[in-house]
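In case you want the letters, here they are:
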Amino acid sequence: VLGVFGGGVFHLFYFTFKYGNNALHLASMNNQPKVLEYLLKTVKTFKSNFRNKIGRTALNIAAAQGAFECIEVLLKYSSCDINSTDKVYSFLLLS
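**Some details on helix H5 (residues 58–65)**
Among the residues making up H5, those that are buried are Ala58, Leu59, Asn60, Ile61 and Ala62. Those residues of H5 hidden inside the fold are in contact with helix H3 (23–29) and helix H6 (68–77). Immediately downstream of H5, the backbone of Gly66 shows phi near 70°, a positive value.

**With respect to the side chain of Asn22**
For Asn22, the position within the fold is in the loop between helix H2 (9–19) and H3. Asn22 gets classed as buried once you look at its relative accessible area, which sits at 14%. Only 2.9 Å separates the side chain of Asn22 from the backbone nitrogen of Leu24, close enough to count as a polar contact.

**Focus: H6**
The complete set of buried residues in H6 reads Cys70, Ile71, Val73 and Leu74. Taken end-on, H6 shows its buried residues confined to a sector of 165°, consistent with a single buried face. Counted as exposed and oriented over 90 degrees from the buried face of H6: Phe68, Glu69, Glu72 and Lys76. The inward-facing, buried residues of H6 contact H3, helix H4 (33–42) and H5.

**Let's talk about the nonpolar core**
Counting 15 residues, the largest nonpolar core has Leu24, Leu36, Leu40, Leu59, Ala62, Cys70 and Leu74 as the members making the most contacts within it. Contributions of two or more residues to this core are made by H3, H4, H5 and H6.

**Some details on the pattern of salt bridges**
Using the criterion set out here, one finds one salt bridge in the structure. The shortest N-O distance in the salt bridge between Glu37 and Lys41 comes to 2.9 Å. Pair noted here: Glu37 and Lys41 are both in helix H4, with a separation of four residues, about one helical turn. Since its relative accessible area comes to 43%, Lys41 is described here as partly exposed.

**Some details on the packing of H4 against H6**
To characterise two packed helices, one gives the angle between the axes of the helices and the distance between these axes. Packing of H4 against H6 leaves a shortest axis separation of 9 Å and a crossing angle of 15°. As judged from the angle between their axes, H4 and H6 are roughly parallel. For the pair H4 and H6, the sense of crossing is right-handed. Across from Pro33, Leu36, Glu37, Leu40 and Lys41 in H4, the residues of H6 making contact are Glu69, Cys70, Val73, Leu74 and Tyr77. Of the residues assigned to the contact of H4 with H6, the class counts are seven nonpolar, no polar and three charged.

What counts, and at which threshold
Residues numbered from 1 in each chain as written. Predicted model: local features only at pLDDT ≥ 70, side-chain atom pairs only at ≥ 80, totals over all residues. Heavy atoms only, no water. Buried < 20%, exposed > 50% of the residue type's maximum accessible area, 1.4 Å probe, protein only. Helix = DSSP H or I, 4+ residues; strand = E, 2+ residues; numbered from the N terminus. Contact = heavy atoms within 4.5 Å. Polar contact = N/O pair within 3.5 Å; in protein donor to acceptor, adjacent residues only side chain to side chain. Arc of directions from axis to C-beta. Core = buried A, V, L, I, M, F, W, Y, C linked by side-chain atoms within 4.5 Å. Salt bridge = Lys/Arg side-chain N within 4 Å of Asp/Glu carboxyl O. Axes fitted to C-alpha atoms, helices over the stretch in contact; angles between N-to-C directions. Parallel < 35°, antiparallel > 145°, perpendicular 65-115°, else oblique. Left-handed = near helix turned anticlockwise from the far one by under 90°. Nonpolar A, V, L, I, M, F, W, Y, C, P; charged D, E, K, R; others polar.

Treat this as a map of the structure, not an account of what it does.
Structure, rendered in structure tokens:
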């Protein structure tokens, strides 16, 4: 997984903890549908609706990136909430 995202272990953990992203978020950000599929098929502890610090799920990120293959994988192998919004978008709707 580190080879796909570049950087080293420190970079990956810093990014994960600083912004609250998990591996599903990172795979979606980097348009890596094969990594997403692998994670969702083999690591059963991932929660597909897990939100990062600004409230985004992996599906929110994939949609924002236009990562259509990632969206397909997330919808096929997990039970994503297709109506979820993040804190930023929700704030904009209320303004």
